[in-house]
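Single-letter residue listing:
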2 protein chains.
Amino acid sequence: MTIRYPNGKPYINDDKKNTKKQSKKPLSKKKLSYSNRGMSLEEDLNQTNEYYRLHNQAIIHKKPIPIQVVNVNYPRRSAAKITEAYYRKASTTDYNGVYRGYYIDFEAKETRNKTSFPLKNFHDHQLEHMKKCVEHGGICFVIIRFSVLLRVFLLEYSDLAVLWEKQFEADGKKSIPLKTIEKLAYELDYTIAPRLPYLTVVDQIIDRMSHDYS
Amino acid sequence: MTIRYPNGKPYINDDKKNTKKQSKKPLSKKKLSYSNRGMSLEEDLNQTNEYYRLHNQAIIHKKPIPIQVVNVNYPRRSAAKITEAYYRKASTTDYNGVYRGYYIDFEAKETRNKTSFPLKNFHDHQLEHMKKCVEHGGICFVIIRFSVLLRVFLLEYSDLAVLWEKQFEADGKKSIPLKTIEKLAYELDYTIAPRLPYLTVVDQIIDRMSHDYS
């Protein structure tokens, strides 16, 4: 016989009800120890840039996402409400700013792939933009994250450009093998603050630039 | 009887048809001579920056307007439609990029006022942002236009900062008199291409910076 509450709904044993919700697998140790890292690369970089700004080390911002506004309602002048808009393709990279007198410009992307980084994460016009910025004395790179492996790398534009062009050759690879990235790029280790201290790598790039010209 | 073309469409006397389209007033001489200038300062600067990019003189872009997206419809994955969004306050200036190895950062504003430029066109955080960028070796300024007078000026951050602070003193002016601007700022003359050649002024600023340090 089904036991019922006064409202007529049947009584269901809580232990049974929750069985499905509970994971049978105990939480893996690895998952626990990386709990701080459950953020997107964008969040990591926003925190890092905020840290650099607060400590007056560099002034680097993420650019707003380009949006094409089609319709706006003005219920009150102070609170214009956009009712129709579309995402536009970015014509540049996402991050730029100034550090030690240098113009800094970079793009950040992550992949769930474990063995290589697909080049389709970048676009022609972004490569073109970085090329131009380097020609004018800027420092350009990409920060790429293997989100499953939790490994982050800084790859300079000059190296990315070579790999980018190679993909159009016969049998050209459409993605960069992790092994190549390990060889060419700088690996960034997560720290408490800033989360992704990429400026220490930029310091090395600047030092090398000064040596090139001296 | 209506005269018809071989295709059956009636013949309409062109003289009559165009009567309404023709303005009865002769175009004023002033309007004609300034006809090129019927653009907003933003359009002038976008054209100028595009010219500089095409001629590979500098890589300077306007940042997208920051928008807080609240609701998005996905009728198809390729055409996400934003159905609710709001304008956010910009935390930086509108334009930045790289020129001759220098980080360039500026804000552009216009007024219909004829005798002075209201300081309320700028915001605390923009001044703060420019201050920080200058500290890190960037070149920061504002481009201001008196739209009725059709006069455009480039005012360096260092001068703007002094005027900005003065407004908070007793009897401090909330706007910059045109006479002060004529004295402190560089006037930009419109040219065919680029429309507002502000980099010639930046050249002077760079030359002066190099002298300061030598």
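Whatever comes next refers back to the structure up there.
Throughout this document, residue positions are counted from 1 along each chain, in the order its sequence is written. Whichever chain is written first is A, and whichever ligand is written first is 1; the rest continue in order. Only residues with pLDDT of at least 70 get local features here, since the model is predicted, and only at 80 or more are side-chain atom pairs given and counted; chain-wide, interface and lining totals rely on the full set of residues. To obtain the side-chain values, all non-hydrogen atoms of the structure were used and water was disregarded.

**Student:** Looking at this structure, I do not really get the side chain of E156 of chain A. What am I missing?
**Tutor:** Position of E156 of chain A among the secondary structure elements: in strand β8 (residues 151–156). Those residues in contact with E156 of chain A that sit more than four places away from it in its chain are C140, F141, Y186, I205 and R208 of chain A. Here a strand is any run of E in DSSP of at least two residues, a helix any run of H or I of at least four, and the numbering for each starts at the N terminus. Whether two residues touch is decided by their heavy atoms; if any such pair falls within 4.5 Å, the residues are in contact.

**Student:** How should the interface of chain B and chain A be read in this particular structure?
**Tutor:** How large an interface is tends to be reported as the accessible area lost when its parts come together. The interface of chain B with chain A comprises 35 residues on the first partner and 35 residues on the second. Accessible surface is computed with a 1.4 Å probe, and the buried area is the amount of it that two parts give up when combined, taken over both parts together. Buried area between chain B and chain A, both sides added, is near 2,900 Å², and the carbon and sulfur share of it is 64%. Looking at the side of chain B facing chain A, the largest losses of area belong to P64, I82 and H136 of chain B, adding up to 21% of the total buried there. Under this definition, polar contacts are N or O atom pairs within 3.5 Å; protein pairs additionally need one hydrogen-donor-capable and one acceptor-capable atom, and for neighbouring residues in sequence, both atoms have to be side-chain atoms. Connecting chain B to chain A are nine residue pairs in polar contact (both at pLDDT 80 or more). When contributions to the side of chain B that touches chain A are tallied by element, the ones reaching two or more residues are β1 (59–62), β2 (67–73), β3 (81–87), β4 (95–99) and α4 (124–135) of chain B. For the side of chain B that touches chain A, the element with the highest residue contribution is β3 of chain B, accounting for seven residues. Under the convention adopted here, Pro, Cys and the residues Ala, Val, Leu, Ile, Met, Phe, Trp and Tyr are nonpolar, Asp, Glu, Lys and Arg are charged, and Gly plus all remaining residues are polar. Class assignment for the residues of the side of chain B that touches chain A results in 16 nonpolar, 13 polar and six charged. Being paired, for any two strands, means DSSP has found at least two bridges between them. Bridge analysis of strand β3 (residues 81–87) of chain A against β3 of chain B gives four bridges, and the strand direction is antiparallel. Pairing of I82 of chain A across the sheet is with A85 of chain B, part of β3 of chain B.

**Student:** Whenever I open this one, the sheet that holds strand β5 (residues 102–111) of chain B confuses me. Can you help?
**Tutor:** Neighbouring strands of a sheet are bound in pairs by backbone hydrogen bonds; such pairs are parallel or else antiparallel. All names here are of chain B. On the basis of which strands lie adjacent, the open sheet formed by six strands has the order β1-β4-β5-β7-β8-β10 and mixed pairing. Each having just a single partner strand, β1 and β10 (186–188) make up the two edges of the open sheet. Put simply, the sheet's adjacent strands are angled 25 degrees from each other on average, direction ignored. Alignment of strand β8 (residues 151–156) against β10, held across three bridges, turns out to be antiparallel. Across the sheet, residue L154 finds its bridge partner in β10, namely Y186. An axis is simply a line fitted to the C-alpha atoms; with a helix, the fit covers only the stretch in contact. Between two such axes, the angle follows the N-to-C directions and lies from 0 to 180 degrees. Taken strand by strand, helix α3 (residues 41–54) contacts β1, β4, β5, β7 (139–146) and β8, and its axis lies near 155 degrees from that of β1.

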